[in-house]
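Per-entry structural report
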Amino acid sequence: MSPFFTLLARDIKLAARSGGSAFLALSFFALVATLVPLGVGADLRLLARVGGGVLWVGAVLAALLSLDRLFQGDFEDGSLDLIALSPLPLELTALAKMLAHWLSTGAALTLLSPLLALLFNLPPAATLTLFLSLLLGTPAVSAVGAIGASLTLSLKRGGLILPLIILPLLSPAVIFGAGAVSLTLDRLASGGALGLLAAFSAGAVLLSPFAAAASVRLNLGG
Amino acid sequence: MITSLIAEKLACARGDRRLFENLSFRVKAGQALAVEGANGAGKTSLLRLIAGFLSPAAGRLVVQDADGESDDAEERGKQIGWLGHQDGLKPQLTVAEQLAFWAALYRGTTNSAVLEQVGLQRQADLPCRYLSAGQKRRLALARLLVSQRPLWLLDEPFAALDTSGQALVAQLMALHCGQGGIIIAATHEPLGLGNESLKL
Amino acid sequence: MNWLFRYANPHNFMRLSNVLLPITAVATALCLGVGLYLGFTVPPDYQQGSTVLLLFIHVPADVAAEAAYGAIAICSLLSLVWRHPLSDIAGRAAAPFGAVFTALGLITGALWGKPMWGTYWVWDARLTSFLLLLFLFFGYMALWNAIEDEVRAARAAAILALVGVVNIPIIKFSVDWWSTLHQGESIVSGKIAPVYLAPLLIMMLGYILLFVSLWMLRIRTVILERRARTLMQRSAA
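Our subject in this report is the structure included herewith.

As for the overall build of chain A
Scanning chain A from N- to C-terminus turns up 10 helices and 0 strands. Each helix and strand of chain A, placed in order from N terminus to C terminus, yields the pattern α-α-α-α-α-α-α-α-α-α. For 222 residues, the compact-globule estimate of 2.2 N^0.38 gives 17 Å, and chain A sits close to it at 18 Å. Taken along its principal axes, the extent of the C-alpha atoms in chain A is 55 × 30 × 30 Å. Buried residues in chain A amount to 59% of all 222 residues. Taking the contacts inside chain A whose residues are at least 6 apart along the sequence as the reference set, 81% of them involve residues at least 24 apart.

Put into C-alpha cells, the structure is as follows:
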C-alpha cells in the first residue's frame, strides 16, 4: 500500500477503535434534531420549513466534535514527527487526515440525514436534496476544519477555540446547502445551489492541505 | 549512501534565547556522535535542527554522498531515522499493526525477525496499551530498524530501558555503524562505540 | 521591497511614525470635522428623513473595517514570506480596531433599521456579511491570545488571516445569494444623491486616517512595551 493509503487506513482504524467518534457525532446530530422540535414546537409545516437549515447546522457542529483531535493525537505522542520524516509530503498527510475524518464523520452524518429528515417532515424531494447537499458539502467541513485543527494542534484547549476559527469560514457551505433544500421545498431547481456548494467544497479540499501543512510545519518547529 | 554529515557554525535560537552558536562538527559514515550537556542546553533542539523541524539561526548543515553535497532540509529529512522522547505508538493498535504501519509509511520492509531482534515476538498481537515503558521503547527501536534510514537521530536512546534493553540498543547501534550508518545521539550515558562526543 | 524593509525595522518605524502620527492625527480631525459638518447641513432625504445622517457614520465604518482586514492580510503575507517581526506586531495591532469598526458598522446599521423598518435587525446582506467579518476578527484575536509562544502565534494567526482573506469574497457572495433567496431588505439601495457624496467620501477618508493613526499609535506602544520588557529582563538577570 502507498504511504497515503497507509495513513488513511490507520486513521480510520483508530477512529473506529477509539470508542467510535462516528457514533459520538451521529448521536450529537440526532440529539440536535430532537431538541429543536422540542424548542420550536411540533408544528409540522414550520419544522419542514426550518428542517434543512437545522440539520445542516447540526451536521456541521457534529463534525466539529472530533476535529480538534485530527492532528493533536499524533502531535502529542510524537507520531507527527515521524510522519513528517516519512516519504509522504505533509500536504498529502493533511489530505489523508481530512479524508479519514470525512469518512468517519461527514459520510456517516450524510447517511443518517434521511432518517432525521423524517423528524422534520421533509418531503422526499427535499430529503434527497438534503442528502446530496451533505454529501457534497461535508468534505468542505473536514477540509476547512483541518486548517483549524492544524492551527490549534499544540493547544490543550484547542477544542474551545476551533469553532470560533472555522465556523465563520464555513458559512458559505451552510448557506448553499440549506439554501438548496429551501429551493426544493419551494419547487424550484436546486441544481445551481448544489453546484455552488460543490465548487466551494472542491476549492476547500484543494487548498486547505497547503494551509494545514504550513501550519503543521510551524508547530513541529516549536 | 551518505558519506558524511557536516555542521558549519550552527546557531540555534528559541524565542529571545540563544541556545548555542558557532557549533561545528563532522560525522562520517560508520561513526557515531554523542551530544552531551545539561538539561536545557539544546540537545533535543540540535536533533530537531538536523531533522529539519527547526531552521538554524545561522550556519548550515551539509549532507555529503557519492553524488555531491546538499544542505536541503527536506532532502535530509528523507534520510533520517528518528527516535525521539516519545515512542509514537497508539494504544489501540497491536504491536504488529504498529510496525506494519510504520514500515508501509516509510516504504521499508517488515518481517517477524525484526520483532524477534528487539525481543517482542511474543507480544506481536498485543495492543500497545498493555506494553510496559521498556517494551514500548523496544517497539520504537523496531520501528527505527524497519524505516531503513542511514542517519539515526536518537534522543536519550537508553531511557526507560533495563540492562538487557540497554545492551540491545548498544548492539543495534554498533550494527548500524558497522553497516556504514551514522548516529547522532543526545545522551547522558556513554554510547560505548568508541565515538566522539560533543558538549553543549 | 527595499524601502519597505527599511521601515520594517522597529527603530526606523519609530522615527517615521513620530513624524507621520501628528500629521495623520490632524488630518483625521479635519476630515471628521468637515465631514460631520457637511453631513449635518445637507437637506434631509425625502425617504429617510434625518436618519440619512447615520449613513455618514455607518458606511465609512464598514470601509474602515475592511481596510483593517486588508491591512492584517498584507501584514500576514509579509510575516509569512519575509518573517519580519514588525509585520507580526502590526497585524496583531490592527485586529481590535477592525473589530471595533465592524461593531460600529453593525450598531449604526441596527439603529438605522429601527426607524426604517421598525426593527433593529433585518438580516440585510451587508449587515450579515459584517456580522461574519466580526467573528473572523474575533477568531484571529483569539488564536493570537491562545498560543503562548509569540513567534508561533504570529505565524498561525497569519495563516488564518490569509485563509480568511481568500474566504471573505466567497462569504460575501454566498450571503448575497442567500439574501436574494430569502428576499431580504437592503440598507443602501439605488444611487446615492450627489449632495451626499462629498460628505460621505470625506468621512470615509477620515475613518481610514483614524484607523491608520490608531494603528500606528498601537504599534508604537507595543514596540515600547517590548523594549521595556527587554530592559526588565536584563536587570533581572
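Next comes the rest of the account.
Details of unusual backbone geometry
The backbone phi angle of R187 of chain A is positive, close to 60 degrees, even though this residue is not glycine. One non-glycine residue with positive phi stands out, namely Q148 of chain B, at about 50 degrees. Within the element layout of this structure, Q148 of chain B appears in the loop between α5 (133-147) and β7 (151-155).

What about the pairing of strand β3 (residues 32-36) of chain B?
Residues and elements named next belong to chain B. Extensive coverage of β3 is indicated by the burial of 4 of its 5 residues. Sheet analysis places β3 next to strand β8 (residues 182-186), joined by 4 bridges and oriented parallel. Following the sheet pairing, V35 is matched in β8 by A186. The pairing of β3 with strand β9 (residues 196-199) spans 4 bridges and is classified as parallel. Bridging from a neighbouring strand, L33 pairs with E196 of β9.

What to know about the interface of chain B and chain A
At the junction of the two partners, chain B supplies 26 residues and chain A supplies 26 residues. Taking both partners together, chain B and chain A bury about 2500 Å²; carbon and sulfur atoms supply 58% of that area. Summed over the three residues of chain B that lose the most area to chain A, namely F53, K90 and L105 of chain B, the buried surface amounts to 25% of that side. Counting across the interface, chain B meets chain A through 5 salt bridges.

Section: the environment of R60 of chain B
All names here are of chain B. For R60, the position within the fold is in strand β4 (residues 58-65). Given a relative accessible area of 33%, R60 falls into the partly exposed group. Residues R60 and E36 lie 24 residues apart in sequence; the distance between their C-alpha atoms is 21 Å. Setting aside residues up to four positions removed in sequence, R60 forms contacts with I6, A7, E8, L10, E69 and D71. At 3.5 Å, the side chain of R60 and the side chain of E69 are in polar contact. A distance of 3.0 Å separates a polar atom in the side chain of R60 from a polar atom in the side chain of D71.

Some remarks on the interface of chain A and chain C
In many reports, interface size means the accessible area that the parts give up when they come together. Facing the 27 residues of chain A at the interface are 26 residues of chain C. Summed over both sides, the interface between chain A and chain C buries roughly 2200 Å², with carbon and sulfur atoms accounting for 84% of that surface. Linking chain A to chain C there are 0 salt bridges. The tally of links from chain A across to chain C stands at 3 residue pairs in polar contact (both at pLDDT 80 or more). Elements with a minimum of two residues in the side of chain A that touches chain C: α7 (124-151), α8 (158-166), α9 (171-185) and α10 (191-220) of chain A. Looking at the side of chain A that touches chain C, its residues break down into 19 nonpolar, 8 polar and no charged.

Some thoughts on the sheet that holds strand β6 (residues 80-83) of chain B
Residue and element names in this part refer to chain B. On the basis of which strands lie adjacent, the open sheet formed by 5 strands has the order β6-β7-β8-β3-β9 and parallel pairing. Edge strands, defined here as strands with exactly one partner in the open sheet, are β6 and β9. Strand-to-strand twist of the sheet, defined as the mean angle between neighbouring strand axes without regard to direction, takes the value 15 degrees. Examined bridge by bridge, β6 and β7 share 4 bridges and lie parallel to one another. Looking at β7, one finds that G81 is bridged to W152. In the packing of helix α1 (residues 43-51) onto the sheet, contacts are made with β3, β6, β7, β8 and β9, and the angle to β7 comes to roughly 155 degrees. Strands β6 and β7 of the sheet are contacted by α5, whose axis makes an angle of about 175 degrees with β6.

Concerning the side chain of H176 of chain B
All names here are of chain B. Assignment of secondary structure puts H176 in helix α6 (residues 163-178). Its relative accessible area of 7% is what places H176 among the buried residues. Excluding anything up to four places from it in sequence, H176 contacts R149, P150, W152, G181, I182 and I183.

Focus: α1 of chain B
Where burial is concerned, most of α1 of chain B is hidden: 8 out of the 9 residues are buried. K43, S45, L46, L47, R48, L49, I50 and A51 of chain B are the residues of α1 of chain B that are buried.

Describing the packing of aromatic side chains
Here the distance between the centres and the angle between the planes together describe a pair of aromatic rings. Applying the stated criterion across every chain yields a total of 13 aromatic pairs over all chains. These aromatic residues form a ring-pair network of at least three members: F101, Y207, F211 and W215 of chain C. Stacked on the ring of W102 of chain B, the Lys or Arg R143 of chain B has its end atom at 5.8 Å from the ring centre. Over the ring of Y120 of chain C we find K114 of chain C; its NZ or CZ atom is 5.1 Å from the centre of that ring.

Here we look at the packing of α9 of chain A against helix α6 (residues 150-181) of chain C
Orientation of α9 of chain A relative to α6 of chain C, taken along the N-to-C sense of each, is 25 degrees, at an axis distance of 9 Å. Taken as axis vectors, α9 of chain A and α6 of chain C run roughly parallel relative to one another. Note that α9 of chain A runs across α6 of chain C; the crossing there is left-handed. Counting all contacts with α9 of chain A, which are made through S171, P172, I175, F176, G179, A180 and L183 of chain A, the residues of α6 of chain C involved are N167, I170, I171, F173, S174, V175, W177, W178 and L181 of chain C.

Let's talk about a nonpolar patch on the surface
A contiguous nonpolar surface patch, about 430 Å² in accessible area, is contributed by L206 and L207 of chain A together with V165, V166 and I170 of chain C. Broken down by secondary-structure element, the contributors of at least two residues to the nonpolar patch are α10 of chain A together with α6 of chain C. Among the elements that make up the nonpolar patch, the one with the highest residue count is α6 of chain C (3 residues). Residue placement: L206 of chain A occurs in helix α10.

Some details on the pairing of β4 of chain B
All names here are of chain B. As paired elements, strand β1 (residues 2-14) and β4 share 7 bridges and run antiparallel to each other. Its bridge partner lying in β4, I2 is registered against D65. The hairpin turn running from β4 into strand β5 (residues 68-70), its antiparallel successor, is 2 residues long.

About the criteria used
Residues numbered from 1 in each chain as written. Chains lettered and ligands numbered in written order. Predicted model: local features only at pLDDT ≥ 70, side-chain atom pairs only at ≥ 80, totals over all residues. Heavy atoms only, no water. Helix = DSSP H or I, 4+ residues; strand = E, 2+ residues; numbered from the N terminus. Rg over C-alpha atoms; globule rule 2.2 N^0.38 Å. Buried < 20%, exposed > 50% of the residue type's maximum accessible area, 1.4 Å probe, protein only. Contact = heavy atoms within 4.5 Å. Pairing = 2+ DSSP bridges. Buried area = accessible area lost by both parts, 1.4 Å probe. Salt bridge = Lys/Arg side-chain N within 4 Å of Asp/Glu carboxyl O. Polar contact = N/O pair within 3.5 Å; in protein donor to acceptor, adjacent residues only side chain to side chain. Nonpolar A, V, L, I, M, F, W, Y, C, P; charged D, E, K, R; others polar. Axes fitted to C-alpha atoms, helices over the stretch in contact; angles between N-to-C directions. Phe/Tyr/Trp six-rings, centres within 6.5 Å; stacked < 30°, edge-to-face > 60°. Lys NZ or Arg CZ within 6 Å of the ring centre and 35° of its normal. Parallel < 35°, antiparallel > 145°, perpendicular 65-115°, else oblique. Left-handed = near helix turned anticlockwise from the far one by under 90°. Patch = residues over 30% accessible without salt bridge, like charges linked within 9 Å, V, L, I, M, F, W, Y side chains within 5 Å. Areas by Shrake-Rupley, 256 points an atom, 1.4 Å probe, with all protein chains shown as cover.

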